[in-house]
Amino acid sequence: SQQGEEDPQALSIQEGENATMNCSYKTSINNLQWYRQNSGRGLVHLILIRSNEREKHSGRLRVTLDTSKKSSSLLITASRAADTASYFCATGPLQGAQKLVFGQGTRLTINP
Amino acid sequence: DAGVTQSPTHLIKTRGQQVTLRCSPKSGHDTVSWYQQALGQGPQFIFQYYEEEERQRGNFPDRFSGHQYPNYSSELNVNALLLGDSALYLCASSFGLNEKLFFGSGTQLSVL
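Given the structure is predicted, the values throughout are model-derived calculations rather than measurements.

Trainee: Is there a simple way to think about the overall build of chain A in this case?
Mentor: Within chain A, the regular secondary structure consists of 0 helices and 11 strands. Ordered by position from the N terminus, the helices and strands of chain A form the series β-β-β-β-β-β-β-β-β-β-β. Relative to the globule expectation of 13 Å for 112 residues, the C-alpha radius of gyration of chain A, 13 Å, shows essentially globular dimensions. C-alpha extents for chain A along the principal axes are approximately 45 × 25 × 20 Å. The buried share of chain A, taken over its 112 residues, is 47%. For chain A, the distance from the average site of its 13 positive side-chain charges to the average site of its 9 negative ones is 7 Å.

The structure is reproduced here in structure tokens:
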């Protein structure tokens, strides 16, 4: 079963705009990660935020985590055509933090 | 530095057959996890191998089994295939208990 729910399921924006994706989860976590998947193939790790962190940056990516609301957001700034992909949040539980539970993903399309 | 490699990339089987999928972890990694991703869904955790033993298991029946060899490579075996086993099977590796996973490109299994 999927723990995370992602919102929106699909997002289409113009190149250069910012894209925001949200993720909600149900149980307490050790960490939350975001992954990107191109064309239904392998996933690429983007960023990991631990349960005691509130915000993290990596290049054009900004992730926030609100454990009281059990939610996270991923912001991609100055989007590029190459950012077109599916984005998944994945939670690592308190016991067995590597046993990731993925959401259903957000399909992001960047229009040139 | 080779990343995670999986073979074969595509596979077609019929109901009731058995299948073996293979994975070589990223160089320096000793932990292998397997995920099943149905079309349009996020990946679901099947199991994890470390030191040649199954350490964690998701909600999958005993028809799904695995193995890890001394060189850390791993196999996923599925017996008595069902139509619902059609999916992308992803292998991910990590070093020890590091939560960040590196994924292979997956094996697309079609059961007819």
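Trainee: Honestly, the pairing of strand E6 (residues 55-58) of chain A in this entry has me stumped. Any pointers?
Mentor: A regular strand places its side chains on the two faces of the sheet in alternate fashion. Residue and element names in this part refer to chain A. Strand direction decides the pairing type here: E6 and strand E7 (residues 61-66), joined by 4 bridges, are antiparallel. In the strand pairing of E7, Ser58 is matched with Leu61. What sits between E6 and E7 in their antiparallel hairpin is a turn of 2 residues, with Gly59 showing a positive phi close to 60°.

Trainee: Just to check I follow, could you spell out the sheet that holds strand E3 (residues 19-24) of chain B for this structure?
Mentor: Within a beta sheet, neighbouring strands are joined by backbone hydrogen bonds and run either parallel or antiparallel to one another. All names here are of chain B. Strand order in the open sheet formed by 4 strands is E1-E3-E8-E7, and the pairing between neighbours is antiparallel. The open sheet has two free edges, formed respectively by strand E1 (5-7) and strand E7 (64-68), since each of these has just one partner strand. The mean angle between the axes of side-by-side strands here comes to 20°, regardless of whether they run parallel or antiparallel. Judged from the 5 bridges that link them, E7 and strand E8 (residues 74-78) form a sheet pairing that is antiparallel. The residue bridging Phe64 from the neighbouring strand is Val78, located in E8.

Trainee: Honestly, the layout of surface pockets in this entry has me stumped. Any pointers?
Mentor: Gaps between atoms show up when a probe of the same size as a water molecule is rolled over them. The computed volume of the largest pocket comes to approximately 350 Å³. Residue lining of the largest pocket: 19 residues in total, with Gln37 of chain A together with Gln37, Leu39, Gly40 and Gln41 of chain B positioned closest to the centre. Listed by contribution, the elements that provide at least two residues to the lining of the largest pocket are strand E9 (85-93) and strand E11 (106-111) of chain A together with strand E9 (87-94) of chain B. Residue composition of the lining of the largest pocket, grouped by class: 5 nonpolar, 13 polar and 1 charged.

Trainee: Sorry, what's going on with the state of the cysteines here?
Mentor: Disulfide: a covalent bond connecting the sulfur atoms of a pair of cysteines. For the structure on display, the rule yields 2 disulfides over all chains. Cys23 of chain A shares a disulfide with Cys89 of chain A; S-S distance 2.0 Å. On the sign convention where negative means left-handed, the S-S torsion of about 65° between Cys23 of chain A and Cys89 of chain A marks this disulfide as right-handed. Placement of Cys23 of chain A in strand E3 (residues 19-24) and of Cys89 of chain A in strand E9 is noted, with a sequence separation of 66 residues between them. Just as Cys23 of chain A is buried, Cys89 of chain A falls in that class too. Paired through a disulfide, Cys23 of chain B and Cys91 of chain B show a sulfur-sulfur distance of 1.8 Å. Classification of the bridge connecting Cys23 of chain B and Cys91 of chain B rests on its S-S torsion, roughly -60°, and on that basis the disulfide is left-handed. Of this pair, Cys23 of chain B sits in strand E3 while Cys91 of chain B sits in strand E9, placing them 68 residues apart in sequence. Of the two residues, Cys23 of chain B and Cys91 of chain B, both sit in the buried class.

Calculation criteria
- Residues numbered from 1 in each chain as written.
- Chains lettered and ligands numbered in written order.
- Predicted model: local features only at pLDDT ≥ 70, side-chain atom pairs only at ≥ 80, totals over all residues.
- Heavy atoms only, no water.
- Helix = DSSP H or I, 4+ residues; strand = E, 2+ residues; numbered from the N terminus.
- Rg over C-alpha atoms; globule rule 2.2 N^0.38 Å.
- Buried < 20%, exposed > 50% of the residue type's maximum accessible area, 1.4 Å probe, protein only.
- Lys, Arg positive; Asp, Glu negative; His and termini not counted.
- Charge placed at Lys NZ, Arg CZ, Asp CG, Glu CD.
- Pairing = 2+ DSSP bridges.
- Axes fitted to C-alpha atoms, helices over the stretch in contact; angles between N-to-C directions.
- 1 Å grid on protein atoms, 1.4 Å probe; cavity = no way out; pocket = protein on both sides within 12 Å on 5 of 7 lines; lining within 4 Å.
- Points joined across faces, edges and corners; volume = space filled by probe spheres on them.
- Nonpolar A, V, L, I, M, F, W, Y, C, P; charged D, E, K, R; others polar.
- Disulfide = S-S within 2.5 Å.

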